[in-house]
Amino acid sequence: MIIAEQKPLAEIAESVQDVAKVLVVGCGGCVTVCLSGGENEAEVLASALRIKRGIDGIAGEVGQVTVERQCDPEYVAKLDTAVDGIDAVVSLACGVGVQFLAERYSKTVVVPAQNTKFAGGTVEHGVWEERCGLCGECVLAATGGICPIIRCSKSLLNGPCGGSAQGYCEVGKDIPCAWVMIYERLKKLGREASLCEIAAVKDWSKSRDGGPRKIVREDLRL
Amino acid sequence: MIHKGKVVGFVCKFCALLNFDLGPAPEAAIHIEVVELPCAGRIDSRAVLTAFEHGADAVFVMGCPTHECMNINGSRRAEQRLLRVWEILGSVGLNRNRLVFYPVSGTEGPHLSQIARELEERVVQLGPNPLRLRRQGKELQEQ
């Protein structure tokens, strides 16, 4: 899922300080699961904004609503009535949701309340880690299910580098060396010999180097 | 003018709530509104912020002392959950000392009176909730 982290409240409040009617929009997708932008967080943020704006003497209203997902036009459309008459929408979705709202409500200010961080998962309650670099051409089959693109600080395909020591990366003492993990995993599978094969140069045009990406499935189009 | 402080308390039903039969010290110049929780660990930041939004001068959460918690980790988690609310209070312009956590056993009736006095002192020191003050000022202006 997409992992996001709420921006500091002062930054969010400042982005809507010159408008009267504000609507905080939560998202029921990834940001609900990572506890940063779902229904609960929308209520907390709206309440905090009401208190701050009240103390600062800013007149107006702050409401809140949550939709199933902000990255699907049919769910965004359900907001039409709620957004009508609103001066600014504060989106608690990832950057995708913010843009979908901005595209639909072109005459309304739409501001993000989150910093979208990475594609990852929950490793324990309250702890999330990055797991996928969204590179567009998955190499996990060759690396024992451990992604060298995102878990190796240098995204090396023929690692490890000289900065690996005692199983950890030189970038941080709490970052395990992806290539040590890959070796140990392949060894358990009895496939460590596959590491003798040199991985070919990766085609990064399938990642961000190729510009904004798009997938079209003709079989699914209406 | 004597200010009667408005305080909202979220109280664990297993421990601290038992003491409320005795009530706070009668001379304490605060009005305490008690919200019963099945466990202090159930505290919800939305409820705490709503209390402040409705004009509470102070909010407290009462859980069992950590080693006596009926749910083992409830009290510890309650304090952890409040970290975020303290952070929010600082950001919105409310003194974070307006929110306080008390570990109180079920057999500490006199302690409750002491806490009520401490809350009273706290409210006097911090003054009324600025949000309520502003609203009251606005109402007076409109009259």
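Rules and cut-offs
- Residues numbered from 1 in each chain as written.
- Chains lettered and ligands numbered in written order.
- Predicted model: local features only at pLDDT ≥ 70, side-chain atom pairs only at ≥ 80, totals over all residues.
- Heavy atoms only, no water.
- Axes fitted to C-alpha atoms, helices over the stretch in contact; angles between N-to-C directions.
- Helix = DSSP H or I, 4+ residues; strand = E, 2+ residues; numbered from the N terminus.
- Parallel < 35°, antiparallel > 145°, perpendicular 65-115°, else oblique.
- Left-handed = near helix turned anticlockwise from the far one by under 90°.
- Contact = heavy atoms within 4.5 Å.
- Nonpolar A, V, L, I, M, F, W, Y, C, P; charged D, E, K, R; others polar.
- Buried < 20%, exposed > 50% of the residue type's maximum accessible area, 1.4 Å probe, protein only.
- Buried area = accessible area lost by both parts, 1.4 Å probe.
- Salt bridge = Lys/Arg side-chain N within 4 Å of Asp/Glu carboxyl O.
- Phe/Tyr/Trp six-rings, centres within 6.5 Å; stacked < 30°, edge-to-face > 60°.
- Lys NZ or Arg CZ within 6 Å of the ring centre and 35° of its normal.
- Domains from an automatic or database assignment.
- Pairing = 2+ DSSP bridges.
- 1 Å grid on protein atoms, 1.4 Å probe; cavity = no way out; pocket = protein on both sides within 12 Å on 5 of 7 lines; lining within 4 Å.
- Points joined across faces, edges and corners; volume = space filled by probe spheres on them.
- Core = buried A, V, L, I, M, F, W, Y, C linked by side-chain atoms within 4.5 Å.

Enquirer: What is the right way to read the packing of helix α3 (residues 39–56) of chain A against helix α2 (residues 45–53) of chain B from this model?
Expert: In helix packing, the relevant descriptors are the interaxial angle and the interaxial distance, both defined with respect to the helix axes. Packing of α3(A) against α2(B) leaves a shortest axis separation of 9 Å and a crossing angle of 20°. Here α3(A) lies roughly parallel to α2(B), going by the angle between them. Once α3(A) is placed against α2(B), the crossing between them reads as left-handed. Facing α3(A), whose interface residues are A:N40, A:E43, A:V44, A:S47, A:A48, A:R50 and A:I51, α2(B) presents B:S45, B:R46, B:L49, B:T50, B:F52 and B:E53. Residue classes in the contact of α3(A) with α2(B) are distributed as 5 nonpolar, 4 polar and 4 charged.

Enquirer: What is the right way to read the environment of B:N19 from this model?
Expert: Residues and elements named next belong to chain B. Along the chain, the position of N19 falls in helix α1 (residues 16–19). When its relative accessible area of 3% is taken as the criterion, N19 is described as buried. Sequence-distant contacts of N19, that is, excluding residues within four places in its chain, are made with V104, S105, G106, T107, E108, G109 and L112.

Enquirer: Honestly, the environment of B:R117 in this entry has me stumped. Any pointers?
Expert: Residues and elements named next belong to chain B. Along the polypeptide, R117 turns up in helix α4 (residues 109–126). Note on R117: relative accessible area 38%, which makes it partly exposed. Separated by 16 residues in sequence, R117 and F101 have C-alpha atoms that sit 15 Å apart.

Enquirer: Explain the interface of chain A and chain B to me, please; I cannot follow it from the model alone.
Expert: How big an interface is tends to be stated in terms of accessible area lost as the parts join. In this assembly, 14 residues from chain A lie in contact with 15 residues from chain B. Taken together, the two surfaces of chain A and chain B that pack against each other cover about 1400 Å², and 63% of this comes from carbon and sulfur. Among the residues chain A hides against chain B, the three largest losses belong to A:V44, A:I51 and A:I55. Together they make up 44% of the total. Along the contact surface separating chain A from chain B lie 2 salt bridges.

Enquirer: Where do I start with the packing of aromatic side chains in this structure?
Expert: Each aromatic ring pair is described using two quantities: the centre-to-centre distance and the angle formed by the ring planes. What the rule picks out here adds up to 1 aromatic pair over all chains. Seen from the ring of A:W204, A:K202 lies directly overhead, with NZ or CZ sitting 5.6 Å from the centre. Positioned above the aromatic ring of B:F14, the side-chain terminus of B:K13 is 5.6 Å from the ring centre.

Enquirer: Would you mind showing me how to read the pattern of salt bridges here?
Expert: Pairing of side chains with opposite charge becomes possible as their charged atoms draw close. All told, the structure shown has 17 salt bridges over all chains when counted by the stated rule. Between B:R46 and A:E43 there is a salt bridge, with the nearest N and O atoms lying 3.2 Å from each other. Pair noted here: B:R46 is in helix α2 and A:E43 is in helix α3, and the two residues belong to different chains. In this structure, the salt-bridge partner of A:R221 is A:E218, at a minimum N-O distance of 3.3 Å. Neither A:R221 nor A:E218 differs from the other in exposure class; each is exposed. Sharing partners across several salt bridges, the network here consists of A:E43, B:D44 and B:R46.

Enquirer: Would you explain the domain arrangement of chain A in this entry?
Expert: On domain assignment, one finds that chain A holds domain 1 (2–118) and domain 2 (133–206). Computed over C-alpha atoms, the centres of domain 1 of chain A and domain 2 of chain A are 38 Å apart.

Enquirer: Explanation requested: the sheet that holds strand β4 (residues 88–91) of chain A in the structure shown.
Expert: Backbone-to-backbone hydrogen bonds pair the strands of a sheet. The strands run either parallel or antiparallel. All names here are of chain A. What the 4 strands build is an open sheet, ordered β3-β2-β4-β5; its pairing is parallel. With one partner strand each, in any of the chains shown, β3 (61–67) and β5 (109–112) form the two edges of the open sheet. For this sheet the average axis-to-axis angle between neighbouring strands, irrespective of direction, equals 25°. Here 7 bridges tie strand β2 (residues 21–27) to β3, and the two strands are oriented parallel to one another. Looking across to β3, one finds that C27 is bridged to V67. In the packing of α3 onto the sheet, contacts are made with β2, β3 and β4, and the angle to β3 comes to roughly 175°.

Enquirer: Explanation requested: the layout of surface pockets in the structure shown.
Expert: A water-sized probe rolled over the atoms picks out the places where empty space is left. Of the voids in this model, the largest pocket is the one considered here, and its volume is about 1300 Å³. If you go around the largest pocket, you meet 36 residues; those closest to its centre are A:L35, A:E41, A:W128, B:R81 and B:R84. Only β1 (2–6), α1 (9–15), α3, β6 (114–124) and β7 (127–132) of chain A together with α2 and α3 (74–92) of chain B provide two or more residues apiece to the lining of the largest pocket. Considering every element that reaches the lining of the largest pocket, the biggest residue donor is α3(B), with 9 residues.

Enquirer: Honestly, the nonpolar core in this entry has me stumped. Any pointers?
Expert: Grouped burial of nonpolar side chains is what soluble globular proteins tend to show. Counting residues in hydrophobic clusters, the biggest one holds 67 residues, and the most contacted among them are B:F60 and B:M62. Sorting elements by how many residues they give to this core places α3(A) first, with 8 residues. In this view, B:M62 contacts B:F10, B:V11, B:C12, B:A16, B:F20, B:A40, B:Y102, B:V104, B:L112 and B:I115; residues no more than four positions away in its chain are not counted.

Enquirer: Any chance you could explain unusual backbone geometry here in plain terms?
Expert: When glycine is set aside, most residues are seen to have a negative phi, and most peptide bonds are trans. Residues and elements named next belong to chain A. P160 follows G159 through a cis peptide bond whose omega is 0°. In this structure, P160 sits in the loop between α7 (148–151) and β8 (168–169). Positive phi is not limited to glycine here, since L35 has a value of about 55°. With respect to the element layout, L35 can be found in the loop between α2 (30–33) and α3.

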